[in-house]
Amino acid sequence: MEGFDIEVYMQKIKQELLNTFGDELVYLGLQGSFRRGEARESSDIDVMVILEEFTVERMAEYREILKRVGNFNKSCGFICGRKEMKNWNRFEICQLLHETKDYYGTLSQLVPAYSRQDVQDYLKTGAGNLYHELCHRYIHAPDTLQEVLPFLYKGTFYLLQNRHWLNTGEYLQDRTELLTCLSGLDQTVLQIGIKMREGISCKQEEAFEALFLWCREILWEETQHETLCK
């Protein structure tokens, strides 16, 4: 967004949160394309907030804060209470920690520990959901494939980040950098995803088959339990 400064925005929202919730504010962080430094005009502002206790009333208060800070139509993200976060699904913790920049509080102190197995399960769950969606669309709603494929490919980036981390211990934020480290179907899927994100047309059948084979490859992989990570 032209003239928009994410650092100024985050400082404004932090001050508004402190003014409204005081000591009840536990955490503020930034996620998404602004966190990765690849935001575009159409990008949402993905903010993460944790309060000591989150209620419906505080949900309404938070909405008003976002309106006061500005760019409400771009606001997005995640908000919850401390206890909810402490008991959050361990599948998502690896990505959550790597994808979130701390602005107030320390996220690593607020989440449960996770294991490699949790990340593997996250990867298989995500691939399984994509696999099911692809099969359903291809068989029962083929006319919708062209429209839905860009959205399905959007989610592959996060799965690829986690898969690369499992293989190398390296969690890469930048799509271009990650692409240079991948090979085989991983690389093909990310290449297609980048093209779709940039509005470059891709052959539907080739994009569909690449994604289907990639999901199948992940679902075929063996997994094993290993030590906890934090």
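Structural notes, computed from the coordinates. (Residues numbered from 1 in each chain as written. Predicted model: local features only at pLDDT ≥ 70, side-chain atom pairs only at ≥ 80, totals over all residues. Heavy atoms only, no water.)

Quick look at the pairing of strand β2 (residues 45-51) now. For β2, a buried count of seven out of seven residues is recorded, marking the element as mostly surrounded by other parts of the structure. Both faces of β2 are covered, namely the face carrying Ile45, Val47, Val49 and Leu51 and the face carrying Asp46, Met48 and Ile50. Direction of pairing for β2 relative to strand β3 (residues 75-81): parallel, over a ladder of seven bridges. When the bridges of β3 are listed, Val49 appears paired with Ile79. (Buried < 20%, exposed > 50% of the residue type's maximum accessible area, 1.4 Å probe, protein only. Helix = DSSP H or I, 4+ residues; strand = E, 2+ residues; numbered from the N terminus. Pairing = 2+ DSSP bridges.)

On to the environment of Gly155, then. Along the chain, Gly155 turns up in helix α7 (residues 145-168). Through-space distance from the C-alpha of Gly155 to that of Gly126 is 8.5 Å; in sequence the pair is 29 residues apart.

Further remarks concern the packing of helix α6 (residues 116-140) against α7. At a minimum axis separation of 10 Å, α6 and α7 run at an interaxial angle of 165°. Considering their axes alone, α6 and α7 lie roughly antiparallel with respect to each other. Crossing hand, α6 versus α7: left-handed. Between α6 and α7, the contacting residues are Arg116, Val119, Gln120, Tyr122, Leu123, Gly126, Ala127, Leu130, Glu133, Leu134, Arg137 and Tyr138 on the first element and Leu145, Val148, Leu149, Leu152, Thr156, Tyr158, Leu159, Asn162, Arg163, Trp165 and Leu166 on the second. (Axes fitted to C-alpha atoms, helices over the stretch in contact; angles between N-to-C directions. Parallel < 35°, antiparallel > 145°, perpendicular 65-115°, else oblique. Left-handed = near helix turned anticlockwise from the far one by under 90°. Contact = heavy atoms within 4.5 Å.)

With that out of the way, let us pick up the sheet that holds strand β1 (residues 25-31). Taken together, four strands build an open sheet; the order of strands is β3-β2-β1-β4 and the sheet is mixed. Of all strands in the sheet, those with a lone pairing partner are β3 and β4 (101-104), marking the two edges. With direction set aside, neighbouring strand axes in the sheet form an average angle of 25°. Along the sheet face, helix α1 (residues 6-21) touches β1, β2, β3 and β4 and points at about 160° away from the line of β1.

Let us now look at the layout of surface pockets. Over the atoms, a rolling probe the size of a water molecule traces out where space has been left empty. Here the largest pocket defines a volume of roughly 950 Å³. Together, 32 residues line the largest pocket, and Gly32, Arg36, Asp46, Lys154 and Tyr158 are the ones closest to its centre. If you list the elements that add at least two residues to the lining of the largest pocket, you get α2 (32-36), β3, α5 (93-99), α7 and α9 (184-197). Counting residues per element, the lining of the largest pocket draws most heavily on α7, at eight residues. Within the lining of the largest pocket, the residues separate by chemical class into 12 nonpolar, 11 polar and nine charged. (1 Å grid on protein atoms, 1.4 Å probe; cavity = no way out; pocket = protein on both sides within 12 Å on 5 of 7 lines; lining within 4 Å. Points joined across faces, edges and corners; volume = space filled by probe spheres on them. Nonpolar A, V, L, I, M, F, W, Y, C, P; charged D, E, K, R; others polar.)

Non-glycine residue Asn71 carries a positive phi angle of around 55°. Looking at the secondary structure, you find Asn71 in the loop between α3 (56-69) and β3. Given a relative accessible area of 32%, Asn71 falls into the partly exposed group.

Following the sequence through the fold, Asn87 ends up in the loop between α4 (82-86) and α5. Along the chain, Asn87 and Ala113 lie 26 residues apart, while their C-alpha atoms are 9.9 Å from each other. Only 2.9 Å separates the side chain of Asn87 from the backbone oxygen of Lys83, close enough to count as a polar contact. (Polar contact = N/O pair within 3.5 Å; in protein donor to acceptor, adjacent residues only side chain to side chain.)

End to end, α6 covers 36 Å across 25 residues, agreeing with the expected 36 Å (1.5 Å per residue, within 8%). All of the buried residues along α6 are Gln117, Asp118, Val119, Gln120, Tyr122, Leu123, Lys124, Gly126, Ala127, Leu130 and Leu134. On its buried face, α6 is in contact with α5, β5 (114-115), α7 and α10 (204-220). (Expected span 1.5 Å × (residues − 1).)

Moving on to the pairing of β1. Counted residue by residue, β1 has seven buried out of seven residues, so it is predominantly covered. Pairing of β1 with β2, which is carried by six bridges, proceeds in the antiparallel orientation. Within β2, the position partnered with Leu30 by the bridge is Val47.

What follows concerns the pattern of salt bridges. For the structure shown, the criterion picks out 14 salt bridges. Close ionic contact of Arg36 with Glu38 constitutes a salt bridge, the shortest N to O distance being 2.8 Å. An identical accessibility class is assigned to Arg36 and Glu38; each is buried. Where salt bridges share partners, they join Arg36, Glu38, Glu99, Arg175 and Arg197 into one cluster. (Salt bridge = Lys/Arg side-chain N within 4 Å of Asp/Glu carboxyl O.)

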